[in-house]
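Overview (structure and organization)
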Amino acid sequence: TNLGYISLPLNLTKIGESAFEGCTNMFISNPNIKASEIGENAFKNCDEFRYSFKEDGDGVINYIDGTLSLNKITCINKNTFYGCKKLKDIKFNNDITTIGEGAFYNCPLKSLTLPKNLETIGDSAFSYCTSLTNVIFEGESELTSIGYEAFENCTSLTNITIPSGVTSIGSD
């Protein structure tokens, strides 16, 4: 779709499943929105988009010029940012505990620093991120599970150190 500018209501707390899937050139703005939950596929295949949602003066979700910043979000659901061709960098908050299946599939990410509170990386979460060169786990990582093909076809990734608390990698 060629959906352009979107102004969302102040009382919006959730962006539902597939809400903006396939919108290729949009700007979502509302400086006081309280959306802290994002549904599956919400921004799937959004090639060129910019948005800024704020809560209490701090951005809850901000995406500008290829950098995604997530604050006060604990879970990134299945395929949320799948195929976002302009997404080059992510700044995770310390509250993130789950990165869902295919959450960043086929995004041109260059490097990842994953927060210490992250517990689960879902199946194919970063698959086909062919520009990804580096993955760092912060501090005493609480990561216990890395899903099936989580880093499949990350052809530029040459080295990764799996945290010692990981008890499951791949399919069961």
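Our structure is the block above this text.
Residues numbered from 1 in each chain as written. Predicted model: local features only at pLDDT ≥ 70, side-chain atom pairs only at ≥ 80, totals over all residues. Heavy atoms only, no water.

**Concerning unusual backbone geometry**
Across the chain, the bulk of peptide bonds are trans and the bulk of non-glycine residues have phi less than zero. Here E149, not a glycine, exhibits a phi torsion of approximately 55°, which is positive. Topologically, E149 is positioned in the loop between β14 (145-146) and β15 (168-169). The phi angle at N153 is positive, at roughly 55°, despite the residue not being glycine. Along the polypeptide, N153 turns up in the loop between β14 and β15. Its relative accessible area of 33% is what places N153 among the partly exposed residues. (Helix = DSSP H or I, 4+ residues; strand = E, 2+ residues; numbered from the N terminus. Buried < 20%, exposed > 50% of the residue type's maximum accessible area, 1.4 Å probe, protein only.)

**Here's the deal with the packing of aromatic side chains**
If you walk through the whole model with that rule in mind, you get six aromatic pairs. Ring geometry for F126 versus F151: centroids 5.5 Å apart, planes at 10°, classification stacked. Pair noted here: F126 is in the loop between β12 (120-121) and β13 (134-137) and F151 is in the loop between β14 and β15, with a separation of 25 residues, a long-range link. One aromatic cluster is present, formed by F81, F92, F104, F126 and F151 through successive ring pairs. (Phe/Tyr/Trp six-rings, centres within 6.5 Å; stacked < 30°, edge-to-face > 60°.)

So yeah, pure geometry; function would need other evidence.
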